[in-house]
Amino acid sequence: DVLLLPDRTHLRHSFDGGPPGRIGRHQVTAYFALQFDAVRRLVLADGDPGFVAALSQCRPWEGGAAGGKSNAYFAKTTDDRFIIKQVSRTELNS
């Protein structure tokens, strides 16, 4: 069962871009990519296309989650299905 794999299947993608005035180099890491893919297949009726479409339409989550001790950034998809949290290196390694 892919959900029980002990392997850390992290995928990294680097790209250049951003809004005008904030263009720069970005890196995105998808942690436990195979495991989260399996979960999405089990619970999302619209699959990966719907997931990607939702993620492409995010806004800062005002009044939602507070950043806590790490002062993390939170965003929410405009369809209110997903929450995105910035994870600091310290938090990731703990």
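Within each chain, residues carry numbers counting from 1 in the order of the written sequence. Residues qualify for local features only when their pLDDT is at least 70, as the model is predicted, and side-chain atom pairs are given and counted only at 80 or more; totals for whole chains, interfaces and linings, by contrast, use all residues. The basis for the side-chain values is all heavy atoms of the structure; hydrogens and waters are excluded.

Comments concerning the sheet that holds strand E4 (residues 74-77)
Strand pairs in the sheet, formed through backbone hydrogen bonds, run parallel or antiparallel to each other. Counted only if it meets this: The rule for pairing is simple: two strands pair if DSSP sees at least two bridges between them. In this description a helix means any DSSP run of H or I spanning at least four residues, a strand means any run of E spanning at least two, and both kinds are numbered starting from the N terminus. Inter-axis angles, ranging from 0 to 180 degrees, are taken between N-to-C directions of lines fitted to C-alpha atoms, where helices are fitted over the stretch in contact.
Within the open sheet, the three strands sit side by side as E3-E4-E5. Their pairing is antiparallel. Each edge of the sheet is formed by a strand with only one pairing partner; in this case those strands are strand E3 (58-60) and strand E5 (83-85). Averaged over all pairs of adjacent strands, the angle between strand axes in this sheet comes to 30°, irrespective of strand direction. Summarising the sheet, E3 and E4 pair through three bridges and their orientation is antiparallel. Paired with cysteine 58 across the strands is threonine 77, a residue of E4.

A word on the pairing of strand E2 (residues 24-30)
Pairing of strand E1 (residues 11-17) with E2 involves seven bridges; the strand directions are antiparallel. Bridged to serine 14 within E2 is glutamine 27.

Points about helix H2 (residues 47-55)
So the rule is basically this: Exposed residues in this analysis have more than 50% of their type's maximum accessible area, buried residues have under 20%, and partly exposed residues fall in between, with area computed by a 1.4 Å probe over protein chains only. For this quantity, the arc is that covered by the directions from the helix axis to the C-beta atoms. The contact definition used throughout considers only heavy atoms, calling two residues in contact when any of these lie within 4.5 Å.
If you check which residues of H2 are buried, you get Gly47, Gly50, Phe51 and Ala54. The buried residues of H2 occupy one face: seen down the axis, they fall within an arc of 100°. What points out from H2, more than 90 degrees from its buried face, is the exposed set Pro49 and Val52. Where H2 is buried, its residues touch helix H1 (33-43), E3 and E4.

All quantities given are derived from atomic positions and should not be read as evidence of function.
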